[in-house]
Amino acid sequence: MGQKRYEISDEQWEQIKDMIRHSKMGRPPKDDRLMLNAIFWIARSGARWSDLPERFGSYKTVYSRFCKWRDDDMLYRIFRKLNRRQN
């Protein structure tokens, strides 16, 4: 997967991919890396959820995944691991 603006690199994905429990959210389930990149895109761009580029799919699906990962501390654990690797 080629890296686009605001998205995680292949190296970063390798560091965290095993942390993410494969979600069965969505029909069919959405790719975890795509969902994470969409969340990063929103966080880094400062855009509204509804302004999410189409390549990420429905902003409602991404927002649902964001809420799930926020509520179960997955995002916190991902950020900690990525930050630790840079220090």
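One can find the structure itself at the top, above this paragraph.
Residues numbered from 1 in each chain as written. Predicted model: local features only at pLDDT ≥ 70, side-chain atom pairs only at ≥ 80, totals over all residues. Heavy atoms only, no water.

1. Things to note about the pattern of salt bridges
Across all of its chains, the model carries 7 salt bridges by this definition. Close ionic contact of Lys17 with Glu14 constitutes a salt bridge, the shortest N to O distance being 3.1 Å. Under the relative-accessibility criterion, Glu14 is labelled partly exposed at 49%. (Salt bridge = Lys/Arg side-chain N within 4 Å of Asp/Glu carboxyl O. Buried < 20%, exposed > 50% of the residue type's maximum accessible area, 1.4 Å probe, protein only.)

2. Digging into the environment of Lys30
Tracing the backbone through its elements, the reader meets Lys30 in the loop between α1 (10-16) and α2 (32-45). As a C-alpha pair, Lys30 and Phe56 span 26 residues in sequence and 9.5 Å in three-dimensional space. (Helix = DSSP H or I, 4+ residues; strand = E, 2+ residues; numbered from the N terminus.)

3. Quick notes on the packing of aromatic side chains
For the coordinates displayed, the defined rule picks out 5 aromatic pairs. Seen from their ring centres, Tyr6 and Trp41 are 6.3 Å apart, and the 75° between their planes marks the pair as edge-to-face. Taken as a pair, Tyr6 in the segment before α1 and Trp41 in helix α2 lie far apart in primary sequence, 35 residues in all. Overall, the relative accessible area of 22% leaves Tyr6 in the partly exposed class. Relative to Phe79, the ring of Phe40 has its centre 5.6 Å away and its plane inclined at 25°; by these criteria the two rings are stacked. Of this pair, Phe40 sits in helix α2 while Phe79 is found in helix α4 (residues 74-86), placing the two residues 39 residues apart along the sequence. With a relative accessible area of 9%, Phe40 lands in the buried category. Among the aromatic residues, those joined into a ring-pair cluster are Trp49, Tyr63 and Phe66. (Phe/Tyr/Trp six-rings, centres within 6.5 Å; stacked < 30°, edge-to-face > 60°.)

4. Quick notes on the environment of Trp69
Turning to its location among the elements, Trp69 is positioned in helix α3 (residues 59-71). In contact with Trp69, other than residues within four places in its own chain, are Ile20, Asp32, Met35, Leu36, Ile39, Met74 and Leu75. (Contact = heavy atoms within 4.5 Å.)

5. Describing the nonpolar core
Judged by nonpolar contacts, the single largest core of 21 residues is most densely connected at Ile16, Ile20, Leu36, Leu52, Trp69 and Ile78. Elements supplying a minimum of two residues to this core: α1, α2, α3 and α4. Looking at which element gives the most residues to this core, the answer is α2, with 7 residues. Look past the residues within four positions of Ile16 in its chain and what remains in contact with it is Ile8, Leu36, Ile78, Lys81 and Leu82. (Core = buried A, V, L, I, M, F, W, Y, C linked by side-chain atoms within 4.5 Å.)

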